[in-house]
Amino acid sequence: NAGVTQTPKFRVLKTGQSMTLLCAQDMNHEYMYWYRQDPGMGLRLIHYSVGEGTTAKGEVPDGYNVSRLKKQNFLLGLESAAPSQTSVYFCASRQPHGTSSSYEQYFGPGTRLTVT
Amino acid sequence: GEDVEQSLFLSVREGDSSVINCTYTDSSSTYLYWYKQEPGAGLQLLTYIFSNMDMKQDQRLTVLLNKKDKHLSLRIADTQTGDSAIYFCAENDNQGGKLIFGQGTELSVKP
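Predicted, not measured: the structure shown is a model, and the values here were computed from it. (Residues numbered from 1 in each chain as written. Chains lettered and ligands numbered in written order. Predicted model: local features only at pLDDT ≥ 70, side-chain atom pairs only at ≥ 80, totals over all residues. Heavy atoms only, no water.)

Undergrad: I keep staring at the pattern of salt bridges and nothing clicks. Help me out?
TA: Any two side chains of opposite charge can pair, on the condition that their charged atoms come close. All names here are of chain B. Enumeration according to the criterion identifies 6 salt bridges over all chains in this entry. Measuring nitrogen to oxygen at the nearest pair gives 3.7 Å for the salt bridge that ties K68 to D69. Judged by relative accessible area, which is 73%, K68 ranks as exposed. Taking the relative accessible area as the measure of exposure, D69 reaches 48% and is therefore partly exposed. (Salt bridge = Lys/Arg side-chain N within 4 Å of Asp/Glu carboxyl O. Buried < 20%, exposed > 50% of the residue type's maximum accessible area, 1.4 Å probe, protein only.)

Undergrad: For this particular structure, what's the right way to read the sheet that holds strand β7 (residues 61–66) of chain B?
TA: Backbone hydrogen bonds hold the strands of a sheet together, and the pairing may be parallel or antiparallel. Residue and element names in this part refer to chain B. The 5 strands are arranged β1-β3-β8-β7-β6 in an open sheet whose pairing can be described as antiparallel. The sheet is open, and its two borders are formed by β1 (4–6) and β6 (55–58), each paired with just one other strand. Strand-to-strand twist of the sheet, defined as the mean angle between neighbouring strand axes without regard to direction, takes the value 15°. (Pairing = 2+ DSSP bridges. Helix = DSSP H or I, 4+ residues; strand = E, 2+ residues; numbered from the N terminus. Axes fitted to C-alpha atoms, helices over the stretch in contact; angles between N-to-C directions.)

Undergrad: Quick question: what am I supposed to make of the side chain of K98 of chain B here?
TA: Relative to the helices and strands, K98 of chain B is located in strand β10 (residues 98–101). Residue classification places K98 of chain B among the buried positions, given a relative accessible area of 10%. Those residues in contact with K98 of chain B, other than ones at most four positions away along the chain, are Y33, Y35, L45 and Y48 of chain A together with E91, N92 and D93 of chain B. (Contact = heavy atoms within 4.5 Å.)

Undergrad: Even after reading the chapter, I still don't get the sheet that holds strand β1 (residues 4–7) of chain A, so can you show me in this structure?
TA: Residue and element names in this part refer to chain A. Across the sheet, which stays open at both edges, the 4 strands sit in the order β1-β3-β8-β7 with antiparallel pairing between neighbours. A strand with exactly one partner marks an edge of an open sheet, and here the two such strands are β1 and β7 (64–67). Sheet twist, expressed as the average angle between the axes of neighbouring strands with direction ignored, equals 20°.

Listed below in structure tokens is the structure:
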């Protein structure tokens, strides 16, 4: 199993450009998440999904959109990138509570995005 | 709303014990977690504790949970230079299984 993978690993964008970050998991998990990590602020939840075709806003959703067309993939889009979106982005997945190994959220390796 | 607080830095000498503290606000959390992040890497689950437990021990790691004070701690015995990393405390939100993270404590282990 590859676990949770993220594409790309690094990206530099100019202000106003758009891009999509891809997260894929091969563990058949129902729940998937996108976080951003900034120095001294821990990880903050951007959007999440509790199943194929569903998405919900997290703590810091503004400027981002997501889609979960297939259970194994969770896409994070930036329509018009801003310097404030310079960050490291982590994707994660888990099973719902009450299922086996439902206590653990598995993380991808991260995508480092710089917006100039 | 939910909030998780940690101190930002801790420095210890190799061989000493390290204690990283965390406070949280959501008393309904089912699990509380400690994640470790090494430089340039993702988050790795170190250990977790179920909310009806007071203590959990796993080799050099001891987790203590005080539900009354909403205080969680991670003790690392015989700290090694390889333990240098950022440690995140997190509580789970029972709605959607989201994790609420603290700011992270950067542990520096000096030889």
